[in-house]
Structures are given as structure tokens and as C-alpha cells.
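Fold and contact review
Below, each chain spelled out in residue letters.
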Amino acid sequence: MSPAQSSTYVRYKEAREKRSEKRAKKRFSGFQKLCFVYLFAVFGLPQYFGVPLPGFALTAQRIAMVCLFFSICLSRKRVDDFLSSTTGAMIGPVAVLAPFLFVTLITAVLRSDPNSFLYFFVDAFLPMLLMMYIAAKVISLEELLKLFKLILVVVCLSCYLDALILHWNPYQLLHTIASIGGGSVYRASSYRVAAMASHPIALGIYLVLMTPLMCIDLKRKRINIGENWFLLLLICGSMLLCGSRMPQATFLVELLFLFLLTDREAKRVLVPYVMVVGTLLVLLVVLLHDEQHVRRYIILNVYQMIDSVFGTKLVLEEFGYWQWAYIQSWDYRNLLPLLFFSDDYDPILGLGITLANRSGSSIFIGGRTVSSIDNYYVMAYLQFAWPGLIAIGSALLYTVARCIAGIKKGGGGLVCKMLFASLFLYLVNLWFVADLGTFKYAFSLFGLAYVYSKGAGILQKEPSDCEFAEKAGGGTHQYLDARFKGVKGAQNRFLEG
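If you're wondering where the values come from, they're calculated on a predicted model, not measured in any experiment. The residue count restarts for each chain, going from 1 along the sequence in the order it is written. Where local features are concerned, this predicted model is filtered to residues with pLDDT of at least 70; where side-chain atom pairs are given and counted, the filter is 80 or more; whole-chain, interface and lining totals use all residues. Side-chain calculation: all heavy atoms of the structure are included, whereas hydrogens and water are not.

Moving on, we come to the overall build of the protein. Helix and strand counts for the protein come out as 22 helices and eight strands. Here the open area of atoms and residues is found with the Shrake-Rupley method and a 1.4 Å probe, where only the protein chains shown may cover a residue. By element, 64% of the accessible surface of the protein is carried by carbon and sulfur atoms, the whole surface being about 24000 Å². Only DSSP runs of H or I reaching four residues or more are called helices, and only runs of E reaching two or more are called strands; each is numbered from the N terminus.

This is how it looks when you write it as C-alpha cells:
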């Protein structure tokens, strides 16, 4: 090699080293950052934040979705990756949801109600497809879990800030779309936090959906309910503050399920701590006997959960008749399934979303006027009749079946196992409450479960060139020198070494 060539080689190698160092410091590409922004908009921002438009508001989630689709369309490779990750299976999410999409489209046309199609398509179907693409081609499970952990910390801290200090929801500062309601509420003289959700019940459902993911230990490939113990305590407190009975009851079932699935070694470590925390909670209630407001809030939520599960009357005995009216909401919930057999509604063509929501505030059942349809399946029947109910019911059952099928898929099986708990309990909650804008969470997580049930998801972030070299025990200089000299398969050789 001549002196001139040697000098050129040295300058080239120095330039490559500088560029590699910059790439190593740049942890994510611009497109990956956009994906993170989109996911934060879906899981961390309220649906009433965005640009108000007549008929169909442009929420933050929808804005981020448009930007992400536009960015995908700018690259042929991204388009190919998107199509390959979302289609191709004979029986996949697209094929399973196609009948329900067809029913919503027909209903939208015949009832002159575009929202009947747009709401599910934009807020459930498209988020599912984007999550499938992101999990399969863009962001690893490791990074997704870190993002979800960050979002949950922010959500839970906002709950404590709302209930204990401000007494108003901090997310109300983002309430820019007046036509979409949401926020914390008072009910039965109790303050119930909602954080970024549309309703306190929606917050409870959200926490039920997200908690199992925080129990995945990717490094040891196991389930550990204490993996993020401090965050779990924050979630438990937030669940108490939301004051929603059914989410609280299903959350207790979920915690028991997660504890049973926890690795035996981790379980031995956790048992003493669980006993200590339980004892401290009991002592706290006893010591706060004179603090009527605090004690009442805690006891009321606990009694409501017990009454909801076992049909007891603890709230009536402790707090009097005015609270019993709150518990009697179960009476009209038991009447709701009678609508399936009512002759007042067309069993083939539903009312559509807009008309069903209006009718739901004054429905006459069994000699009684019902002012709220707190059962998603009954509401789906009103909106889309039997064809729509059967189609969405089949799709929801398919989500659970896919989770069961993917449990043995290596590291991805942990995701499927946890999301089975999330999505199954979500379906249980839907029998007692409306969806309340939670479809975007549930169907996004279904997209995640589907990818890992096929073993197609990225488990951990791929190391950069510099990280490959360091892992091999060599260094960046040796690795770049090998690449400059045309050594093929340099990364593989370093890894094998």
C-alpha cells in the first residue's frame, strides 16, 4: 500500500469511527421515534386532546396515525414490511374482522351514519394493524415494555396528584375537543379519578389490560409479579382511586392469576413481602378510624368489590340506604340481556352508533326505563343487530384463542400468556360495562399478541456495529478494519467468537 493510499485509508477509518460513534449514540432512527410518539398518543394521551372538527374529531391518536401511515408510504420497504406483517395468513386478524367491518359498512350506508364504520375502523382496526407492523418490524418487545412502563408511571402519578393534591384531573389541561367528554367524576359522594381515560371505569379497564405486561422478565424468560414491584403498588393504588367495581374485582382475579404464574424462585422471595404489605394495609385502615373521609373511601371501595362479586349487602349495612341505590344498579344490568329477545328492534339491521347511543338513554325494558346500556354486547346488538354481534363476538373470542395458541412460542409465549389474562378479563368486563373508548388499547394489544403468537416479533433490540464488536471482546477499530478490508460476515464471525 502506497503512502497516499495509506493516508486515505487512515482518514477513511477515522471518519467511519466518528460516524459509528454517532450512530451508537443515536439509539433510535427518526421513524422509530415516530412509532414511539404514535404509541404514546394511543396509550398515554386522552381521546379529547386534538383538533375539534364537526362530525369526526381529529384526536392526537388519529393525527399520529396519519403521520405514521404517511411515513410508511414514503418507503417501498416499509410498505412491503407493513403488508407482510399484517396480511398473508388464511385465518388472521384481517380475515376474522372482515365480517364485522362489512356489517359496520352496510349499517353506515343504510342508516346514513358514517361513524358506524369509521369509529371501529379508525380507533380499533387500524391501531391493531399498526401494532402488528411495529412489533414485527420496527420496535423490540424490550423497548415496548419500557415505553409502557413509562406511560403507566405517568398515568398512576397523575391519579395520585389528582386525588390527593389537586382534586382536579391534570389531563383536563389537554381537553381541547368539547364534543368528547372525559375526566374524573364524583359518584355516591366519592371522588373517582380517570387520568387520561374517558371515564373512571375506562381507567380501571386500562389498568387491567396493561398490568400483566409489567410482570414479564425478559432477561430470565419468566413471569414475575414483582418484576416492577413499585409500579405494581402504584397501579394498585390507582385502581383503588378509580372506584370502579368490576375492574377492581377482575383486577384482584388478575393479581391472583399472575401470582400463580410467577416463577417459583421469585414467589419464595415475594411471599414475605406480600404478607407484610397486607398487614400494613389492615393496620392503616384501623389507624385511620378517626379519619372518616379516608377510611370511608377505602372501606367503601372494598365493600363494593365484595358486594359485586358475592351479592352481599355490606355497603347497605355500613353506609345506609342512599348507598344501596348505588348497588341497585345491578338490577337494571340484569334486565339488559332481555333486549336480545325484544321485538322492538330489527334483528338484522342495527340502529347504527349515533342512533343507538341516543336510544340507549331511554329504553323501556320489563316495565322499567333504563337510562344507560352498561353492557357492550347489548350495545353491539343495538348498533349492529345479530350479524354484528356474532361477528364481533367471534373476533373477540379469536383474540383469546390466538393467545392460547402462542403460549409455547419461546420468549413470545410470555407475551401471549400475559395478554391472555388481559384480554380474557377484558371480555368479562365488557359484560358489565360499555367499551368506553378502550377498543384502541385492547385491539392494539391483540395485534401485539398475534405477532408473538406466530413467533414473528422482535424480542430484543438488535445491537449496533460497535456493540457487536464490544460483545466479541475486540473493539470498534478491529471491527471497522475488518469491514474496510472486505471481510464478509464480520458481524457473524465476531458473534461466533
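All right, on to a nonpolar patch on the surface then. Each patch is built from residues that are more than 30% exposed by relative accessible area and take part in no salt bridge. Like charges join if they lie within 9 Å; nonpolar side chains (Val, Leu, Ile, Met, Phe, Trp, Tyr) join within 5 Å. The salt bridge criterion pairs a side-chain nitrogen of Lys or Arg with a carboxyl oxygen of Asp or Glu, the two atoms within 4 Å. A grouping of Phe-102, Leu-105, Ile-106, Val-109 and Leu-110 is seen on the molecular surface, where their side chains present a nonpolar patch of about 480 Å² in accessible area. By secondary structure assignment, the location of Leu-110 is in helix α5 (residues 93-110).

Attention now moves to the side chain of Thr-399. Structurally, Thr-399 can be placed in helix α17 (residues 376-405). Buried means the residue's accessible area, taken with a 1.4 Å probe over protein chains only, is under 20% of the maximum for its type, while exposed means over 50%, and partly exposed covers the values in between. Assessed through its relative accessible area of 4%, Thr-399 is described here as buried. Two residues qualify as a contact provided that any one of their heavy atoms is within 4.5 Å of a heavy atom in the partner residue. Once you skip the residues sitting within four places of it in the chain, Thr-399 turns out to touch Leu-423 and Phe-446.

Below, the discussion takes up α5. Multiplying 1.5 Å by the helix residue count minus one yields the expected span of that helix. For α5, built from 18 residues, the straight-helix expectation of 26 Å at 1.5 Å per residue is met to within 8% by its first-to-last C-alpha distance of 26 Å. Bend at a given residue is defined as the angle between two axes, one fitted to the seven residues that end at that position and one fitted to the seven that begin there. The largest bend in α5 amounts to roughly 35° and is located at Pro-99. Considered for burial, the residues of α5 that qualify are Pro-93, Val-96, Leu-97, Phe-100, Leu-101, Val-103, Thr-104, Thr-107 and Ala-108. Next to the buried residues of α5 lie α6 (115-138), α17 and α19 (439-453). Of the residues flanking the end of α5, it is Ser-112, one or two places downstream, whose phi is positive at about 50°.

To describe a pair of aromatic rings, one takes the distance between the centres and the angle between the planes. The aromatic pairing rule takes the rings of Phe, Tyr and Trp, using the six-membered ring of Trp, and pairs them if the centres are within 6.5 Å, calling planes under 30 degrees apart stacked, those over 60 edge-to-face and the rest tilted. Taken as a whole and assessed by the stated rule, the structure comprises 22 aromatic pairs. Centroid distance Phe-100 to Phe-120: 4.8 Å. Interplanar angle 80°. Geometry classified as edge-to-face. Residue Phe-100 is found in helix α5, and its partner Phe-120 is found in helix α6; the two are separated by 20 residues along the sequence. Its relative accessible area of 1% is what places Phe-100 among the buried residues. Ring pairing ties together the aromatic residues Phe-100, Phe-120, Tyr-376, Tyr-377, Phe-384, Trp-431, Phe-439 and Phe-443, which thus form one cluster. Across the ring face of Phe-31, the terminal group of Arg-78 is positioned such that the distance to the ring centre comes to 4.1 Å. The criterion for a charge sitting over a ring is simple: Lys NZ or Arg CZ within 6 Å of the ring centre, and within 35 degrees of the ring normal. The ring of Phe-259 carries Lys-267 above its face, with NZ or CZ at 5.5 Å from the centroid.

With respect to the helices, strands and loops of the structure, Gln-383 is situated in helix α17. In this structure the C-alpha to C-alpha distance between Gln-383 and Thr-104, which are 279 residues apart in sequence, comes to 8.8 Å.

Think of an α-helix as turning once every 3.6 residues; residues three or four places apart then point the same way. Look at helix α2 (residues 30-44): 20 Å from first C-alpha to last across 15 residues, which is about the 21 Å you get at 1.5 Å a residue. When we look at burial in α2, the residues that qualify are Phe-31, Gln-32, Cys-35, Phe-36, Tyr-38, Leu-39, Ala-41, Val-42, Phe-43 and Gly-44. Against α3 (60-73), α4 (76-86), α6, α7 (141-166), α8 (200-210) and α19 lie the buried residues of α2.

The predictor attaches a confidence to each residue, called pLDDT, with possible values from 0 through 100. Mean pLDDT over the protein works out to 82, with 77% of the residues at or above the 70 mark. Here helix α22 (residues 490-496) stands out as the least confident element of the protein, with mean pLDDT 41; α3 is the most confident, with 96. Residue range residues 482-497 is modelled with pLDDT below 50. Its contacts to residues more than four positions away, or to other chains, number 19 contacts.

As a further point, take the pattern of salt bridges. What the rule picks out here adds up to six salt bridges. Here Glu-143 makes a salt bridge to Lys-146, at a shortest N to O gap of 4.0 Å. In this pair, Glu-143 and Lys-146 both sit in helix α7, three residues apart, roughly one turn of the helix. Linked by salt bridges that have partners in common, Asp-217, Arg-222 and Asp-263 make up one network.

We now examine the packing of α3 against α4. Think of each axis as a best-fit line through the C-alpha atoms, taken over the contacting stretch in the case of a helix, with angles from 0 to 180 degrees between the N-to-C directions. Between α3 and α4, the least distance of the axes is 6 Å, while the angle of their chain directions is 115°. Compared by their axis directions, α3 and α4 come out roughly perpendicular. On the side of α3, the interface is formed by Phe-69, Ser-71, Ile-72 and Cys-73, while α4 contributes Arg-78, Val-79 and Phe-82. Charged means Asp, Glu, Lys or Arg here, nonpolar means Ala, Val, Leu, Ile, Met, Phe, Trp, Tyr, Cys or Pro, and polar covers whatever is left, Gly included. Grouping the constituent residues of the contact of α3 with α4 by class yields five nonpolar, one polar and one charged. To sort the angles, those under 35 degrees are grouped as roughly parallel, those over 145 as roughly antiparallel, those from 65 to 115 as roughly perpendicular, and the leftovers as oblique.

Our focus in this paragraph is the environment of Val-428. Following the sequence through the fold, Val-428 ends up in helix α18 (residues 410-429). Along the sequence, Val-428 and Met-246 sit 182 residues apart, while their C-alpha atoms lie 9.0 Å from each other.

As a further point, take the environment of Phe-446. By the secondary structure assignment, Phe-446 is in helix α19. Between the alpha carbons of Phe-446 and Val-400 there is a distance of 8.6 Å; along the sequence they are 46 residues apart.

Further remarks concern unusual backbone geometry. Positive phi values are uncommon outside glycine, yet Lys-221 reaches one of about 55°. By the secondary structure assignment, Lys-221 is in the loop between β5 (216-217) and β6 (222-223). Although it is not a glycine, Ala-385 sits at a positive phi angle of roughly 60°. Among the structural elements, Ala-385 can be located in helix α17.

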